[in-house]
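Remarks on the overall topology
Each chain is listed here by its residues.
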Amino acid sequence: MENKKCEHCPDKVTKTDVKYEVAIPESILSVNTIHLLTNETYVRNHDNFCSEQCYNLSLLDELINRYGFALMTPEDNFLNPEKDVPQAKETLRELQDFKTEYAS
């Protein structure tokens, strides 16, 4: 396999056939929800990352961005904005907190 650049950092990807585990606690988002929200892109392309931490930080960035954009126009992104927006804000905060904790 030709070495390529990690999708999250400047390191080279040298591993092959390594399936990284999702580190986000299911108390924040279930693995099934993560796969749905990212259209399983990162799950399929797990070999584009040099380490499990880069994989998970990239996944966290993607989910944080999606929640942030959805909250910019809640009426377009939530079926019941009055009920769903507070939950989405809480989930976004928990994802951001977990990213900070995980990255340190």
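Preceding this section is the structure that the text describes.
Now for a look at the structure at hand.

Rules behind the numbers
Along every chain, residues carry numbers that run from 1 in the direction the sequence is written. The model is predicted, so local features are restricted to residues of pLDDT at least 70 and side-chain atom pairs to those at 80 or more, both for listing and for counting; the totals for chains, interfaces and linings are taken over all residues. Side-chain numbers here rest on the full set of heavy atoms in the structure, without hydrogens or water. Stacked, tilted and edge-to-face are the three classes applied to pairs of Phe, Tyr and Trp rings, where Trp contributes its six-membered ring and a pair requires centres within 6.5 Å; stacked means planes under 30 degrees apart, edge-to-face means over 60, and tilted covers the rest. Only runs of H or I of at least four residues qualify as helices and only runs of E of at least two qualify as strands under DSSP, and these elements are numbered from the N terminus. Between buried and exposed lies partly exposed: a residue is buried under 20% and exposed over 50% of the maximum accessible area for its type, with that area taken using a 1.4 Å probe on protein chains only. A helix is expected to span 1.5 Å for every residue after the first. We call a set of buried residues a nonpolar core when its members are Ala, Val, Leu, Ile, Met, Phe, Trp, Tyr or Cys and they connect through side-chain atoms within 4.5 Å of each other. Angles here are taken between N-to-C directions and fall from 0 to 180 degrees, while the axes themselves are lines fitted to C-alpha atoms, restricted in helices to the stretch in contact. In this scheme, roughly parallel covers angles under 35 degrees and roughly antiparallel covers those over 145, while 65 to 115 is roughly perpendicular and the rest are oblique. Each crossing is labelled by how the near helix is turned from the far one, with a counterclockwise turn of less than a right angle marking it left-handed and a clockwise turn marking it right-handed. Contacts are residue-level and defined by heavy atoms, with any inter-residue pair within 4.5 Å sufficient. Ten residue types, Ala, Val, Leu, Ile, Met, Phe, Trp, Tyr, Cys and Pro, are classed as nonpolar, four, Asp, Glu, Lys and Arg, as charged, and the remainder, Gly among them, as polar.

Applying the stated rule across the entire model yields four aromatic pairs. Consider the rings of Y20 and Y55, whose centres lie 5.7 Å apart with planes at 45 degrees: the pair is tilted. Here Y20, found in the loop between β2 (12–13) and α1 (31–37), pairs with Y55, found in helix α3 (residues 52–72); they are 35 residues apart in sequence, far enough to count as distant. Here the two residues Y20 and Y55 agree in accessibility, since each one is buried.

Once that is clear, we can look at helix α5 (residues 81–103). The terminal C-alpha atoms of α5, which comprises 23 residues, lie 31 Å apart, in line with the 33 Å expected from a rise of 1.5 Å per residue. Along α5, the positions that sit buried rather than exposed are V85, A88, T91, L92, L95 and F98.

Turning our attention to the nonpolar core. Residues C6, I24, L29, F49, L63 and L95 are the most contacted members of the largest nonpolar core, which totals 28 residues. Among the elements of the structure, α2 (41–44), α3 and α5 are those that each provide at least two residues to this core. Counting residues per element, this core draws most heavily on α3, at 10 residues.

This brings us to the packing of α3 against α5. Interaxial distance between α3 and α5 falls to 10 Å at its minimum, and their mutual angle equals 155 degrees. Classified by the interaxial angle, the pair formed by α3 and α5 is roughly antiparallel. Crossing of α3 over α5 shows left-handed handedness. Each of E52, Q53, N56, L57, L60, D61, L63, I64, Y67, G68 and L71 in α3 lies in contact with α5, whose residues at this interface are V85, A88, K89, T91, L92, L95, Q96, F98, K99, Y102 and A103. Of the residues that constitute the contact of α3 with α5, the class distribution is 13 nonpolar, five polar and four charged.

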